[in-house]
Amino acid sequence: MGLLSDPVRRRALARLVLRLNAPLCVLSYVAGVAWFLALAFPPLTQRTYMSENAMGSTMVEEQFAGGDRARGFARDFAAHRRKSGALPVAWLERTMQSVGLEVYTQSFSRKLPFPDETHERYMVSGTNVYGILRAPRAASTESLVLTVPCGPDSTNSQAVGLLLALAAHFRGQIYWAKDIIFLVTEHDLLGTEAWLEAYHDVNVTGMQSSPLQGRAGAIQAAVALELSSDVITSLDVAVEGLNGQLPNLDLLNLFQTFCQKGGLLCTLQGKLQPQDWTSIDGPLQGLQTLLLMVLQQASGRPHGPHGLFLRYRVEALTVRGINSFRQYKYDLVAVGKALEGMFRKLNHLLERLHQSFFFYLLPALSRFVSIGLYMPAAGFLLLVLGHALELWMQLHEAGVGPEEAGGASGPSPPLPPAQGVGLASLVAPLLISQAMGLALYVLPVLGQHVAAQHFPVAESEAVVLTLLAIYAAGLALPHNTHRVVSTQAADRGWMALKLVALIYLALQLACITLTNFSLGFLLATTMVPAAALTEPCGPRPLYATLLVLTSPAATLLGSLFLWQELQEAPLSLAEGWQLFLAALAQGMLEHHTYGALLFPLLALGLYPCWLLFWNVLFWK
């Protein structure tokens, strides 16, 4: 306390901070990026292990041999689907009843906020069909779910056939201690969301659905299955859920364990596991997988039906069968045995999965990075925003008299002593920037009909174009805000505004990083350097270009190009722009349909904050 109360020591501390702040910020940023890149290399990446004792061994004998029966179910399902043009509800009911399940249906409907051009739908209505296998050794207090989504452009008939064959096989076993729900949903994630809301008796998205006539116990875990053909070459697993949620790591370890037991080739993000982690090739391949997972998680999208289960505290993952040109070939029996083994081990659980990690990154299926090892990367980046301390000290030195501040000097030119900065000079930029963010969030959907009437575009295109128009209109804000800002103490005015903007950005990035590390790290990597460098004096065109290139929209566009590059499918500029427009529309749809938070975070939080730095740059 003596250091802060003594004016001489306080001035010495201020001079030290002002002198070392710039090199420390550069060093901190480089350390954060280097730490993240090192996450794919041992010893920061560790081998996965099973933490739950009830699932620590694979000593179960899988007896599933219904490959022919599964293929027969799949052919019949595909034929009835082609004949009816929709989900064959009546056929599914009869077939599930024939294998001994309690069968129920649920109808649902949803009017989207604007037409979904990707899936060509606006008014959506459908029916979910599910059958319950009651546990002979328990009182229906707990359950497991095996679900198959059926979209309008993909029947997923092989997965439906395997689900029905597994239901028939499970019906003949007497060791089940948990109910098993076999669920077939229509319209992909919309049907899954409708069923989950009805099962848990909530309505968080405005879905209209009929109440469920039959229920099982509390859902402990779920597996979503998607198959592209009768023969597969590998199984790819998806773990990223809504708003970046992840399932308990033990569930993923269970999947990998039974794939290894059955000799199945399993992949993550479509990438094979590195075999040699001692050479440089293995960690470099792991880094590509790690980057793909970061981009997937940062998007906040549910990358499969499992992503919606995670919202209800149900551990879930999606398994996709891939049929490529690899030499390994597996039939439905091998996939069925892996699923049977997983469900038999989940049947042993005495409590919910909780002993392993919920926050992790995956450079490979057999390797993971825990939260304690990847959080320092974001911490180093956020330390760059300590530039706010330098601004605060400069403002303090400017606000004291020359007798008290005598001898104090720093790298920036001294400011004349004057009165402190009035809060009124900061109110206008803050209010106008936040109002632009609110307009960005509200107006595109509300004004779609007006825009479609006055311009020759469809409603979905009108929403995206309105969004871009409001976003670009923010560039004119400095000219508007300076009309109401006092011209007195101009230097201290922009310093005070930048100080507030830095604190605002630091708080947002810190909160985002705690819940979705990938999103927080990507935004910090792009926005922090520009935020620290921006000031009205200096090379203003260079700073303006840097600010535009690190804005939230530019970060999204760059992430799309990086994603395609990592997938070894690079895009041209025109293709990237079209993908960017589609991503904007899907982001708004997923927010209004499933509750994804990326769009409101960018519109109501980060975009207004970015506008504050834009105001700082053009401060007069």
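Residues numbered from 1 in each chain as written. Predicted model: local features only at pLDDT ≥ 70, side-chain atom pairs only at ≥ 80, totals over all residues. Heavy atoms only, no water.

An unreviewed UniProt entry lists the chain under the name GPI-anchor transamidase component GPAA1, with Diceros bicornis minor given as the organism. Comment text from UniProt for the chain, heading Subcellular location (unreviewed entry), reads "Endoplasmic reticulum membrane". Its UniProt record gives the chain a comment under Subunit (unreviewed entry), which states: "Heteropentamer. Part of the GPI-anchor transamidase complex, consisting of PIGK, PIGT, PIGS, PIGU and GAA1. Interacts with PIGK." (UniProt positions renumbered as here; feature names shortened; annotations may be inferred.)

With numbering aligned to this structure, UniProt lists the feature "transmembrane region" (unreviewed entry) at residues 20–41, 357–385, 421–442, 462–478, 499–522, 542–563 and 595–618. Annotated as 91% helix and 0% strand, the span residues 542–563 places its first and last C-alpha atoms 27 Å apart. Secondary structure content for residues 595–618 is 83% helix and 0% strand, while the C-alpha to C-alpha distance between its ends is 36 Å. (Helix = DSSP H or I, 4+ residues; strand = E, 2+ residues; numbered from the N terminus.)

Further remarks concern the pattern of salt bridges. By the definition in use, this model includes 11 salt bridges. A salt bridge links Arg 311 to Glu 193, with the shortest nitrogen-to-oxygen separation between them at 3.0 Å. Taken as a pair, Arg 311 in the loop between helix H9 (306–309) and strand E10 (315–322) and Glu 193 in helix H6 (residues 189–199) lie far apart in primary sequence, 118 residues in all. Glu 226 is paired through a salt bridge with Arg 320; the nearest N and O atoms lie 2.9 Å apart. In this pair, Glu 226 is assigned in strand E7 (residues 218–227) and Arg 320 in strand E10, connecting sequence segments 94 residues apart. On the basis of relative accessible area, Arg 320 is assigned to the partly exposed category, the value being 23%. If you follow the salt bridges from partner to partner, you end up with Glu 102, Arg 134 and Asp 179 in one network. (Salt bridge = Lys/Arg side-chain N within 4 Å of Asp/Glu carboxyl O. Buried < 20%, exposed > 50% of the residue type's maximum accessible area, 1.4 Å probe, protein only.)

Before going further, it helps to spend a moment on the sheet that holds strand E12 (residues 367–370). Pairing is antiparallel across the open sheet formed by three strands, whose spatial order is E1-E12-E11. At either margin of the open sheet sits one strand with a lone partner, and together these are strand E1 (46–47) and strand E11 (360–364). (Pairing = 2+ DSSP bridges.)

With that settled, consider a nonpolar patch on the surface. A contiguous nonpolar patch, built from Leu 16, Leu 20, Leu 24 and Leu 27 and spanning about 360 Å² of accessible area, is present on the exposed surface. By the secondary structure assignment, Leu 24 is in helix H2 (residues 7–37). Judged by relative accessible area, which is 51%, Leu 24 ranks as exposed. (Patch = residues over 30% accessible without salt bridge, like charges linked within 9 Å, V, L, I, M, F, W, Y side chains within 5 Å. Areas by Shrake-Rupley, 256 points an atom, 1.4 Å probe, with all protein chains shown as cover.)

Here a ring pair, both rings aromatic, is described through the centre-centre distance and the interplanar angle of the planes. This structure, assessed with the given rule, holds 21 aromatic pairs. With a centroid separation of 4.8 Å and 55 degrees between ring planes, the pair formed by Phe 170 and Trp 176 is classed as tilted. In terms of burial, Phe 170 and Trp 176 fall into one category: buried. Joined through ring pairs, the aromatic side chains of Phe 170, Tyr 175, Trp 176, Phe 182 and Phe 343 make up one cluster. Cation over ring: Arg 367 sits above Trp 277, and NZ or CZ is 4.9 Å from the ring centre. (Phe/Tyr/Trp six-rings, centres within 6.5 Å; stacked < 30°, edge-to-face > 60°. Lys NZ or Arg CZ within 6 Å of the ring centre and 35° of its normal.)

Okay, the pairing of strand E5 (residues 179–186) next. With respect to burial, E5 is a largely interior element, eight of its eight residues being buried. Side chains of E5 alternate between two faces, with Asp 179, Ile 181, Leu 183 and Thr 185 and Ile 180, Phe 182, Val 184 and Glu 186 buried alike.

Turning our eyes to something else, we now look at unusual backbone geometry. Backbone torsion omega between Pro 42 and Pro 43 reads 5 degrees, so that peptide bond is classified as cis. Within the chain, His 187 stands out as a residue other than glycine whose phi angle is a positive 60 degrees. Tracing the chain through its elements places His 187 in the loop between E5 and H6. One non-glycine residue, Asp 201, adopts positive backbone phi at about 55 degrees. With respect to the helices and strands, the residue Asp 201 is situated in the loop between H6 and strand E6 (208–209).

Quick look at helix H22 (residues 598–617) now. Along its 20 residues, H22 runs 27 Å from first to last C-alpha, staying within 8% of the 28 Å computed at 1.5 Å per residue. Its axis deflected by about 35 degrees at Leu 606, H22 carries its strongest bend there, up to four residues before the proline Pro 608. Most of H22 is tucked away, with 16 of its 20 residues classed as buried. (Expected span 1.5 Å × (residues − 1). Bend = angle between axes of the 7 residues up to and from the residue.)

Glancing now at the packing of helix H19 (residues 540–549) against H22. Taken N-terminus to C-terminus, the directions of H19 and H22 make an angle of 175 degrees; their axes are 11 Å apart at the nearest point. On the basis of the axis angle, H19 is roughly antiparallel to H22. Judged by residue contacts, Arg 540, Tyr 543, Ala 544, Leu 547 and Val 548 of H19 engage Trp 610, Phe 613, Trp 614 and Leu 617 from H22. In terms of residue class, the contact of H19 with H22 is made up of eight nonpolar, no polar and one charged. (Axes fitted to C-alpha atoms, helices over the stretch in contact; angles between N-to-C directions. Parallel < 35°, antiparallel > 145°, perpendicular 65-115°, else oblique. Contact = heavy atoms within 4.5 Å. Nonpolar A, V, L, I, M, F, W, Y, C, P; charged D, E, K, R; others polar.)

Sheet analysis places strand E2 (residues 102–116) next to strand E3 (residues 121–133), joined by 11 bridges and oriented antiparallel. Bridge pairing in E3 places Gln 106 opposite Asn 128. Between the end of E2 and the start of E3, which pair antiparallel, lie four residues, with Glu 120 showing a positive phi angle near 55 degrees. Sheet topology note: the E2/E6 ladder contains two bridges and is antiparallel. Across the sheet, the residue bridging to Phe 108 is Ser 209, located in E6.

The subject of this paragraph is the sheet that holds strand E4 (residues 142–150). Taking strand neighbours across the sheet as the criterion, the nine strands line up as E6-E2-E3-E5-E4-E7-E10-E8-E9 in an open arrangement whose pairing is mixed. Each having just a single partner strand, E6 and strand E9 (266–268) make up the two edges of the open sheet. As defined by bridge partners, E3 adjoins E5 across five bridges and the pair is classed as antiparallel. Paired with Leu 133 across the bridge in E5 is Ile 180. Across the sheet, helix H5 (residues 157–171) touches E3, E4, E5 and E7, and the angle it forms with E5 is around 160 degrees.

A rise of 1.5 Å per residue sets the reference length of helix H7 (residues 249–262), with its 14 residues, at 20 Å; its end C-alpha atoms lie 20 Å apart and thus fit the reference within 8%. Among the 14 residues in H7, 10 count as buried, and that is most of the element. Among all positions of H7, only Leu 249, Asp 250, Leu 251, Leu 252, Asn 253, Leu 254, Phe 255, Gln 256, Phe 258 and Cys 259 are buried. The opening residue of H7 is Asn 248, an N-cap whose side-chain oxygen sits 3.0 Å from the backbone nitrogen of Asp 250. With its phi angle positive at about 70 degrees, Gly 263 sits one or two positions after the end of H7. (Polar contact = N/O pair within 3.5 Å; in protein donor to acceptor, adjacent residues only side chain to side chain.)

Before going further, it helps to spend a moment on the confidence of the model for the chain. Overall, the predicted model of the chain reaches an average pLDDT of 86, with 89% of residues at or above 70. Confidence over residues 400–419 falls short of pLDDT 50; this stretch has 29 contacts with residues more than four positions distant or in other chains. (pLDDT = per-residue confidence, 0-100.)

Axis separation between helix H4 (residues 89–98) and H5 bottoms out at 10 Å; the angle between their running directions is 25 degrees. Classed by the angle they form, the pair H4 and H5 counts as roughly parallel. Judged by the twist between their axes, the crossing of H4 over H5 is right-handed. In this structure, H4 uses Trp 91, Leu 92, Thr 95 and Met 96 to contact H5, whose residues at the interface are Val 160, Leu 163 and Leu 164. (Left-handed = near helix turned anticlockwise from the far one by under 90°.)

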